[in-house]
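Coordinates in review
The lines below spell out each chain.
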Amino acid sequence: MKRRLLIYPLAVLLMQLLPVMAQADAPEGYPFLPFDKAMEKSLTENKPLFVYFGRYGCGYCEKTNKEAFVDPEVKRRYQDHYILAYVDAESGKRLRLPSGERIQERELGTRYNALVTPIFTFLDSSGKSLYRLVGVQRIEDLIEADERIQAALSQASNP
Amino acid sequence: MKRWLAALLLASLSLDPAVAQSWNFEQAIDVSSELPEGAFQHLDASGRRSIAVGENTVGVVWEDDRDGTPRVYFAYKDFTASQFSQALRISGADEAYEPGLVALSEQRYALVWEENGGIWIRLLSIQGGVELGPAQRLDPAESAQGSVVADGDNLLVLRSERDGSFTRIRLQTLRANGLVTSRQTDCPVDAEAPTDDQLYPTAAWVQGRLVVAWEDRRPKHTIIMTATQQESGKCLFTPPRRTSESSIS
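Since this is a predicted model, take the numbers as computed values, not measurements.

Along its length, chain B carries two helices and 18 strands. Principal axes of the C-alpha set define a box for chain B whose edges measure 70 × 50 × 40 Å. Scored against the burial criterion, the 249 residues of chain B give a buried share of 46%. The contacts of chain B with a sequence gap of at least 6 include a subset with a gap of at least 24, amounting to 41%. With the model as given, the accessible surface of chain B reaches about 13100 Å², and the carbon-plus-sulfur share is 52%. Measuring between centres, the 24 positive side-chain charges of chain B sit 8 Å from its 34 negative side-chain charges.

Structure representation (structure tokens):
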């Protein structure tokens, strides 16, 4: 009887956790922000944005999170070099951009051509796209992309 | 035999006026030209029901923030008129989003939108000048993404309503009396309790029955589900069926 009493609340707890576990969110341990907050911060700190376009239930996002974003070197580079933004490209969540424009996350996905997920886009502070990665990424892909962006920014500031 | 069939098909296609004639687009007309610089307009009705055609008139509903707050506006024009009416504010004091509309008889329109965490409905008449009915909230529960269709003077309003941890598609039927609505029935489209979010409903009449479609996240990603009204006028639907491809993950 006691065991039954224990099993029921555990099952309820598991049911509540399941959807959360199945979601593909931003990778754990990274300071990802909503896009509008990230843009504001990017303008204030004059740092480029790294935007992760994911989607609820995106298996390839989860794979990239588990296999590439867990790497300490990736984490160090992306935290140091970029303002990080996460966008659920199917969500109706409303954002207000620094321009005053109100936009939904899914409209933002369309605007940045994130019609599949995951897509990782590097933007400057004005929102202009600099470079993007499509699909599952490995550790070396993310490090190489960072090196390219950093080299291009360095060249632009020291022509 | 196959060649004969192909030739017959081609011949029948060439006789079809819809195939033979290309589309003709007239010059675009501004629906609202009164916006100050820096204001943003949105056509984001659930099911994309932002435009409706009535008796010799066309109505458009949208949201913009011309006064700094997102609000709902409506404009209309006669088929033959060269410009739209002045924008008419429909929503109340709070931020308002995602309006949709449907045309009714006697030059009336029914408009729905989201405001203050719920779905609102308002009727208006453009017969001999604009007359606005009262804004009425469908239900006190938290809901969004309203969509409206009509069956004569019966209005069928869909919404995505918070139901515990998830959102659930509900249908409310209302009777339009002049510019006032009275609630008839209210039921979930899927009789089973949701196991994940149900979002962005829309509906269409198919052979006299209402077919409701929505985004559904029950397999832990987004699919499209549909359910059909079992009997005209009844708030009872067939078990929902997946209509999007099963291979997409």
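Residues and elements named next belong to chain A. The terminal C-alpha atoms of helix α6 (residues 139-157) lie 27 Å apart, and with 19 residues this matches the ideal 27 Å at 1.5 Å per residue to within 8%. Along α6, the positions that sit buried rather than exposed are Asp141, Leu142, Ile143, Ala145, Asp146 and Ile149. Taken together, the buried residues of α6 touch α3 (59-69), α4 (72-81), β5 (119-123) and β6 (129-134).

If you look at the interface, chain B gives 18 residues, while chain A gives 17 residues. Here chain B meets chain A over a buried area of about 1600 Å², counting both sides, of which 42% is carbon and sulfur. By the criterion of area lost to chain A, the three top residues of chain B are B:Phe40, B:Arg217 and B:Lys220, representing 32% of everything that side buries. Where chain B meets chain A, there are eight salt bridges. The salt bridge involving B:Arg217 is made with A:Glu90; its shortest N-O contact spans 3.9 Å. Counting across the interface, chain B meets chain A through seven residue pairs in polar contact (both at pLDDT 80 or more). Partitioning the side of chain B that touches chain A into residue classes produces five nonpolar, four polar and nine charged.

The next thing to look at is unusual backbone geometry. With an omega dihedral of 0 degrees, the bond running from A:Thr117 to A:Pro118 counts as a cis peptide bond. In this fold, A:Pro118 is placed in the loop between α5 (105-111) and β5. The phi dihedral of B:Glu98 is positive, around 45 degrees, even though this residue is not glycine. Looking at where B:Glu98 falls in the secondary structure, it is placed in strand β6 (residues 96-104).

All names here are of chain A. Pairing is mixed in the open sheet, where four strands are placed in the order β2-β1-β5-β6. The sheet is open, and its two borders are formed by β2 (83-88) and β6, each paired with just one other strand. Geometrically, the sheet is characterised by an average inter-axis angle of 20 degrees between neighbouring strands, direction not taken into account. In the sheet, β5 pairs with β6 via five bridges, with the strands oriented antiparallel. By the bridge assignment, threonine 121 is partnered in β6 with arginine 132. Where helix α2 (residues 35-45) meets the sheet, it contacts β1 (49-54), β2 and β5, and its direction lies at approximately 160 degrees from that of β2.

Attention now moves to the sheet that holds strand β14 (residues 180-188) of chain B. Strand pairing in a sheet is mediated by backbone hydrogen bonds. Such pairs are either parallel or antiparallel. Residues and elements named next belong to chain B. If you trace the four strands from one edge of the open sheet to the other, you get β11-β12-β13-β14, paired in antiparallel fashion. Edge positions in the open sheet fall to β11 (143-151) and β14, since each of these has one partner strand only. Taken pair by pair, the neighbouring strands of this sheet meet at an average axis angle of 25 degrees, ignoring direction. Pairing of strand β13 (residues 166-177) with β14, which is carried by eight bridges, proceeds in the antiparallel orientation.

Further remarks concern the confidence of the model for chain B. Regions with low pLDDT carry predicted coordinates that are not meant to be interpreted in detail. In the predicted model, chain B carries a mean pLDDT of 90, and 90% of its residues have values of at least 70. In the model output, the complex is listed with pTM 0.82 alongside ipTM 0.71.

Another point: the nonpolar core. Residue and element names in this part refer to chain A. Counting residues in each nonpolar core, the largest one holds 20 residues, and the members touching the most others are Phe50, Phe69, Tyr78 and Phe122. Looking at this core, the elements that each hand over two or more residues are β1, α3, α4, β2, β5 and α6. Dropping the residues within four chain positions of it, phenylalanine 69 is found in contact with Pro27, Tyr30, Phe50, Tyr52, Thr64, Val74, Phe120 and Leu142. Within the second largest apolar cluster, 17 residues are counted, among which are Phe35, Met39, Leu49 and Ile83.

What follows concerns the state of the cysteines. Here the structure, examined in full by the defined rule, presents two disulfides over all chains. The residue that forms a disulfide with A:Cys58 is A:Cys61, at a sulfur-sulfur distance of 2.1 Å. One quick way to see it: the torsion about the S-S bond of A:Cys58 and A:Cys61 is about 85 degrees, and its sign makes the bridge right-handed. The residues A:Cys58 and A:Cys61 share a single accessibility class, namely buried. Put simply, B:Cys187 and B:Cys235 are joined by a disulfide, and their sulfur atoms are 2.0 Å apart. The sign of the S-S torsion, about -85 degrees, decides the handedness of the disulfide formed by B:Cys187 and B:Cys235: left-handed. Linking B:Cys187 in strand β14 with B:Cys235 in the loop between β17 (223-228) and β18 (241-242), this pair joins segments that are 48 residues apart in sequence. Owing to a relative accessible area of 8%, B:Cys187 belongs among the buried residues under this scheme.

Conventions and cut-offs
- Residues numbered from 1 in each chain as written.
- Chains lettered and ligands numbered in written order.
- Predicted model: local features only at pLDDT ≥ 70, side-chain atom pairs only at ≥ 80, totals over all residues.
- Heavy atoms only, no water.
- Helix = DSSP H or I, 4+ residues; strand = E, 2+ residues; numbered from the N terminus.
- Buried < 20%, exposed > 50% of the residue type's maximum accessible area, 1.4 Å probe, protein only.
- Contact = heavy atoms within 4.5 Å.
- Areas by Shrake-Rupley, 256 points an atom, 1.4 Å probe, with all protein chains shown as cover.
- Lys, Arg positive; Asp, Glu negative; His and termini not counted.
- Charge placed at Lys NZ, Arg CZ, Asp CG, Glu CD.
- Expected span 1.5 Å × (residues − 1).
- Buried area = accessible area lost by both parts, 1.4 Å probe.
- Salt bridge = Lys/Arg side-chain N within 4 Å of Asp/Glu carboxyl O.
- Polar contact = N/O pair within 3.5 Å; in protein donor to acceptor, adjacent residues only side chain to side chain.
- Nonpolar A, V, L, I, M, F, W, Y, C, P; charged D, E, K, R; others polar.
- Pairing = 2+ DSSP bridges.
- Axes fitted to C-alpha atoms, helices over the stretch in contact; angles between N-to-C directions.
- pLDDT = per-residue confidence, 0-100.
- Core = buried A, V, L, I, M, F, W, Y, C linked by side-chain atoms within 4.5 Å.
- Disulfide = S-S within 2.5 Å.

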